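Notes for the structure review
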Amino acid sequence: MSPPTPGTPRHPPTPSQGASMKNAHKRICIAVCLGAVAGAGYATTATATPEKSARPQQASDLLDVDYESGALDSGIPGLTTTHAKASDASTVESGGDGSAHSVSHKVTLNDPDYVSDGAPRSESANNEIEKSLIHVGDVHRYEFSVMLKDWETSSSKAGDIIFQGKHAGGNKPSFYLMAQRNAIAFRSPLLDLQAPVVEDFRPYVDQWMRFRIDVRWAESRTGYYKVSVRLPGEKDFTLKKTYTDVNTFHPENPTAFGYIKWGLYRPASSTEAGDPATRVVRHDDIRVIDLG
Ligand SMILES: [Ca+2]
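Counting of residues starts from 1 at the beginning of each chain's written sequence and follows it residue by residue. Where local features are concerned, this predicted model is filtered to residues with pLDDT of at least 70; where side-chain atom pairs are given and counted, the filter is 80 or more; whole-chain, interface and lining totals use all residues.

Here we come to the overall build of the protein chain. For the purposes of this entry, the term helix denotes a DSSP run of H or I that reaches at least four residues, the term strand denotes a run of E that reaches at least two, and both are numbered from the N terminus. Of the regular secondary structure elements, the protein chain holds one helix and 15 strands. It is the C-beta atoms, placed from the backbone, that decide contacts: two residues are in contact if theirs lie within 7 Å. Intrachain contacts of the protein chain at a sequence separation of at least 6 include 68% that bridge at least 24 residues.

Tracing the sequence through the fold places T81 in the loop between β1 (61-65) and β2 (90-94). We call a residue exposed when 12 or fewer other C-beta atoms sit within 10 Å of its C-beta, buried when the count reaches 20 or more, and partly exposed for counts in between; the C-beta positions come from the backbone. Accessibility expressed as a C-beta count within 10 Å gives 20 for T81, which makes it buried. The sequence separation of T81 and H105 amounts to 24 residues, and the corresponding C-alpha distance is 9.8 Å. The contacts of T81, once residues within four sequence positions are left out, are L72, D73, S90 and S124.

With that settled, the discussion passes to the environment of F201. On the secondary structure map, F201 appears in the loop between β10 (193-198) and β11 (209-216). Among the residues examined, F201 registers 21 C-beta atoms within 10 Å and is labelled buried. In this structure, the C-alpha to C-alpha distance between F201 and Q180, residues 21 residues apart in sequence, is 9.9 Å. With sequence-adjacent residues up to four places away left out, F201 is seen in contact with L148, A179, N182, A183 and I184.

Along the chain, S122 falls in strand β5 (residues 119-125). In this structure S122 comes out as buried when scored by C-beta crowding, with 28 C-beta atoms within 10 Å. When sequence neighbours within four positions are dropped, the list of residues in contact with S122 reads T82, A84, A89, S90, H105, K106, V107, Y114, S116, G263 and L264.

Further remarks concern the sheet that holds strand β8 (residues 173-180). Two strands in a sheet stick together by hydrogen bonds in their backbones, pointing the same way (parallel) or opposite ways (antiparallel). Strand order across the open sheet formed by seven strands is β4-β5-β14-β7-β8-β9-β10, with antiparallel pairing between neighbours. Both edges of this open sheet fall to β4 (115-116) and β10, since each of them pairs with a single strand only. Strand pairing is assigned whenever DSSP identifies at least 2 bridges connecting the two strands. Pairing of strand β7 (residues 159-167) with β8 involves seven bridges; the strand directions are antiparallel. Each residue of the ladder has a partner; that of G159, found in β8, is Q180.

A word on unusual backbone geometry. For N110, which is not glycine, the phi torsion reads 65° and is therefore positive. Assignment of secondary structure puts N110 in the loop between β3 (101-108) and β4. Positive phi is not limited to glycine here, since D285 has a value of about 50°. Here D285 lies in strand β15 (residues 278-290).

So, about the confidence of the model for the protein chain. The pLDDT value expresses, per residue, how confident the predictor is, ranging between 0 and 100. Per-residue pLDDT for the protein chain averages 86, and the proportion of residues at 70 or more is 79%. Per-residue pLDDT stays below 50 along residues 1-54; that stretch engages in 54 contacts with residues further than four places along the chain or on separate chains.

Printed below as a string of structure tokens:
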């Protein structure tokens, strides 16, 4: 099935506008990076891997959503939140991944108050934050922390989606992460690629897991996905799966850009199949980093 988008941006950039904005951003970024390097007195670490302790905003950050403002949009103009009506479909909670706040998304099946854009979902997205959007040629790193809150596992084969890299325009996602049975799996539905990246999440329910997905966005077979995970108690990320020479930007319907969504989307879950009616997931520190 093809998940609908959470809403078409009011002013989607044309390809040329998008490229122009991106180039302008890169020029600014280069200037800022050079300034930071010069000011700090070092010259070789401008592309150092961001780590959890590096909370000061990285010059290469295209998006940094930490929820420390206490607001559902994390104080970022244009951040898209759920359209579900239930008051607790999305809330800012006390306690984050090494911080004071995080966001919660909740979905109860068979309840219209937890339907957003026609499906059982509650998600946030960056589709109206232009500098963090996806265009062909971008190389992006997506990092985010996830807590499966009081999560009951299910023997059903349905996967509940917790993060997506999407193309706009009603296209299927390029990739997503889903909780399925006892595992968290990476999947590219159009390329029919799937691999578990957390083989058994049950020891980590109610704890923060951090994910890193590097993507070269290409409309030919020159792209890649690299998926890394840092589990509770681990100091570093572990590379779990790499797919190279893949067509990562592959819309079925014409579109010029893509975006990310985080939250909970339960497209195939059903209480008849034994899935719990209610599930809740928390996210924190959602970042888009320009590697290009
Ligand atoms: Ca936080």
